[in-house]
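# Structural description and commentary
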Amino acid sequence: MPLLDTDNISSNESEGAFNEFIEDQLENLVDSILTEGDLTSVGDRGSEVIVEIDDIVAPTFTYGDESEGGGAAGAGPGRDGGKIRFNVPFEFLMERIARSLRLPNLRKQGRGKIKEVTHEFKTFAPVGTVLDKKRTFKRALKTSIGMRVYRPEEGRHEVHIHRRDRRYKVPERVEKPKFKAVVFYMGDISFSTYGERLKLEKRLVGFIQHWIDFNYGAKNVEHRFFVHDADAHEVQEEDFYRVGNAGGTLAAPVYHLVQQVATNEYDPNTTNFYAFYFGDGELFDEDAKEIVELLEGQMRPIFNRIGIVEVQPGRLSLLNRQVATQFHRDSIIRLGELNDRLEAIEVIKTLFSER
Amino acid sequence: MRSVHQDPELAFLEERVLHHANTFRRTLPEMRFFVLDSTEFMSLLEKGVYPTSPVNIWEGKRMVGRKHRVEAGQESAIYYEVVQTGNPSYAYLNHTNSPMMQASVMAHVVGHCEFSELNVLRDSTRDRTEFIMHLVKKVELARQQMGEVYYSQYWNACESLLPLIAPHSQYNLARSVDTESPVLKQETDTYVSEERSSAALMPVSSTMDALLHQQDPDQAWQKEMQSKLRQETLSRKGYKLRAPCQDIFGFLRNHAPTSRSEKSMLDYLYTRHFTHDFILRTQVMNEGWAMYWEKKIMLELFKEKAVSGIIDYARVFSGVCYPRPYFARNPYHLGFNLWNHIEQLYSEGKISLEYFEETDQSAKDNWKRTPGKEPIHYMADLIRTVTDYEFLRRFLTPELIHEFHLNRFHRMEAQRLRLSPDSIVKEDRQYVWLDPEPVKEEMLNFFTHFHRPRVYIIDTDFQDGGLLLFHRDDGRRLRKDWIKPTLKNLNLLWKGPVYLVSRNWLYSFSANLFKETVVTELRFEKVLERMQRYEKPFKM
């Protein structure tokens, strides 16, 4: 009987095509996350992210209403009210975002100064406490074959394990450079931070948190929040968006405070500092000049990156203009202007791209 | 995937099964059996029971979903058998089955293969699987020629229109479309030749004819013009619609403007899905026939001790033939029991004019006449002449519906479905039985619509070259949000404007623009009438 001219029946290629299609969909998803700023809703940092994409169903003439659909929910591909759900590792998503925005990895300082020590079982020895059964058996089998104890052709399948065949796993001290980062977020609470302004700021802060966590590892990053009106204070993350005051504005104190915290509480030689300021930029001329001096003299030398973002600035906004006179196209100090959510991608690129 | 010939035990069982099938004088094509593992089985099912298929995301999606369901325990990975009938037929066995189960699967396949050979819809074709494999190669070539993006786009559009394949419809291509070249006639169980008997042999006198059959000159003129229009359309386009066409995908395959690559894809998809219509129309007879021969052959195998485990077999058999309510009909159970009942009727001579004309009830009750030929020959004749609709219409009586428990519901289910107490004729602690009278009607209704909207092509030159579809209203609305994407996909295949009339709405898709217009509602009968008169079926 002639066989069919196929050895086995497989859908591997079609499965591959489907997976590629899903990856393309995920690229689109990344674009929508960046445009819509929905990164906060996709899951915890460092965990797996559950993403939903529209299920692919071939439409046809059929009975029913638009609202029809549904089915059992569950992780993995499957129908759930017209959606397919996938578990995507956080790193996978961030890598795609980085690729989409062409963001470089952040340059880390402090290499070799702080070491993270771990023990890995990389070597093996004839003495020890943790027996490596696989290696031991391999050696015992070789010995048994050599000693003609194991002779399958004669029906003898004995394997003798001698003391010298034993192999133990030996822990080895491994030192890896540990990078630490501290991120300072500075917010102006004297201007009317609510509604659209608050949303824009929140989205941007959310992305910065994800991006730096992704680069350093969530455990190695400390996020600290500061607000100012005429005076500066440190607050909890949740209060960063909540507190508000309709008084006068002096921004220099918050830069002072951040600089002092950075130098007094951390070792500038081993810590990577990042600072991001959000406000409408409507400051007194003297205040802005003081900030420029602070940036130049005390902050720029020890910070990896400082971002100043004017969120929906007005006609009187002058902070970025003043800073730009001194730090135009600077590699450390980056200036951005965020008027609506579609500009978020450009601001992110400005803050993190290499120059 | 390996042939059963590589396994001596399976090769022996195959030989015994075929031996008994031949002893029973069955009409069989060449049958080739292969053994598959679970993943191969899953893949085979997603490929439409063919060993190869072109790369496409839909198969990939279904496969990923199926694997996920199997891993999550939502679906069993145990598939007993699948068969692609034709000559040769290819049957696939699951490697995890016991020898007894493999034998029963082979015996079952015997029934399917014979049914495919004999049936009125002429399902069996030469080298079907080989032909599909040839088409797959053509589509793979087309994929390279079209480029990945357009290939996917075109496939997606086709996927959307696959439910519109209806080769055995009353309004199939052969009945709806006139073409210049003679096409292979598609037969159906209701097929009646439309060729009118020729009067060429009768003595002809045009003068006498004109006197005896006086014709209105206007009518004669109309007739002449219609004939001329038909000829002109045929010579210009190569086809002319003379009745609504329900085989929409088939029509597009033959008459849509396509490149060679696109044609390859349409050919493959149409041929791959073509048999689905046959399965829908013959499932009860087909599965019943397969169970009937499976049991007969298996009893022979048990008798000669070629296999053992008759108790296990009986358990599996009764599980497969478990009665289900009529709307969730179990074709194995209904078909098997109906065939046995019919065999009984024939063996007692009860399917005869004398029996029906007998007025004495006691004579009817004790009726026993030797039939003219073996009952099995009559049964085979039935396969050659009818499909499920006629099979059920002729033989399924209310008494049998009750006897086969087609009207039986679990109490819980009856409560959930809010069955009226008036319709319940019998009940016990576990079940209730409905009045069997309306059940048959409900079951037969399935064959008019198959639970799908009936959509037809009624004009191929609507508003200058547009393709006009008509949804035959049966009281249910079309899913509205899918009309636009479906028309868009149709537009990609037709490469011109497309329209759909559903109730009092005209939907159109042309130049990437979707429009909805309120129109006067049109009945299907009116459409038919106008098309018979060579008029435009629908005018704005």
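If you're wondering where the values come from, they're calculated on a predicted model, not measured in any experiment.

### Considering the overall build of chain B
In terms of helices and strands, chain B carries 23 helices and 14 strands. What you see for chain B is a C-alpha radius of gyration of 27 Å, in line with the 24 Å of a compact globule of 540 residues. For the C-alpha atoms alone, the extent of chain B along its principal axes is close to 75 × 70 × 55 Å. Within chain B, buried positions represent 38% of all 540 residues. Partitioning the contacts of chain B with sequence separation of at least 6, the portion at a separation of at least 24 is 71%.

### Examining the domain arrangement of chain B
Residue and element names in this part refer to chain B. By the assigned domains, chain B splits into domain 1 (2-130 + 276-301) and domain 2 (321-449). Just the C-alpha atoms count here: the centres of domain 1 and domain 2 sit 28 Å apart. Counting from both sides, the interface comprises 15 residues of domain 1 and, opposite them, 17 residues of domain 2. Those elements giving two or more residues to the side of domain 1 that touches domain 2 turn out to be α4 (99-118) and α12 (275-303).

### Description of the nonpolar core
Ranked by internal contacts, the top residues of the largest apolar core, which has 69 residues, are B:A103, B:M106 and B:V110. The greatest single-element share of this core, amounting to 11 residues, is contributed by α4(B). Among all residues touching B:V110, those that are not within four sequence positions of it are B:V17, B:A21, B:R26, B:L28, B:W293 and B:I297. Core analysis: the next-biggest nonpolar cluster, separate from the first, contains 60 residues, A:F303, A:I306, A:I348 and A:F352 among them.

### Things to note about the sheet that holds strand β14 (residues 513-518) of chain B
All names here are of chain B. The strand order across the open sheet formed by five strands is β10-β11-β12-β13-β14, and the pairing between neighbours is mixed. Looking at which strands have only one partner, the edges of the open sheet turn out to be β10 (454-462) and β14. On average, each strand axis in the sheet is tilted by 20° relative to the strand beside it, whichever way the strands run. The pairing of strand β12 (residues 498-502) with strand β13 (residues 505-510) spans five bridges and is antiparallel. Residue pairing for β13: V498 is matched across the bridge by F509. The strands that helix α22 (residues 483-494) touches are β11 (466-472), β12, β13 and β14; relative to β13, the one it contacts most, it runs at about 50°.

### Re the interface of chain A and chain B
Between chain A and chain B, the contact holds 29 residues from the first and 38 residues from the second. Class assignment for the residues of the side of chain A that touches chain B results in 13 nonpolar, 11 polar and five charged.

### Thoughts on the pairing of β11(B)
Residue and element names in this part refer to chain B. Among the seven residues that make up β11, five are buried, leaving the element largely enclosed by the rest of the structure. Of the strand pairs in this sheet, β10 and β11 are connected by six bridges, and their pairing is antiparallel. Bridging across to β11, Y456 finds its partner in F470. Following β10, the chain reverses through three residues before pairing antiparallel with β11; Q463 in that reversal takes a positive phi of roughly 45°. Note that the unit made of β11, α22 and β12 has a crossover that is right-handed.

Scoring rules and cut-offs
Residues numbered from 1 in each chain as written. Chains lettered and ligands numbered in written order. Predicted model: local features only at pLDDT ≥ 70, side-chain atom pairs only at ≥ 80, totals over all residues. Helix = DSSP H or I, 4+ residues; strand = E, 2+ residues; numbered from the N terminus. Rg over C-alpha atoms; globule rule 2.2 N^0.38 Å. Buried ≥ 20, exposed ≤ 12 C-beta atoms within 10 Å, placed from the backbone. Contact = placed C-beta atoms within 7 Å. Domains from an automatic or database assignment. Core = buried A, V, L, I, M, F, W, Y, C linked by C-beta atoms within 7 Å. Pairing = 2+ DSSP bridges. Axes fitted to C-alpha atoms, helices over the stretch in contact; angles between N-to-C directions. Nonpolar A, V, L, I, M, F, W, Y, C, P; charged D, E, K, R; others polar. Right-handed = clockwise from strand over helix to strand, strands pointing away.

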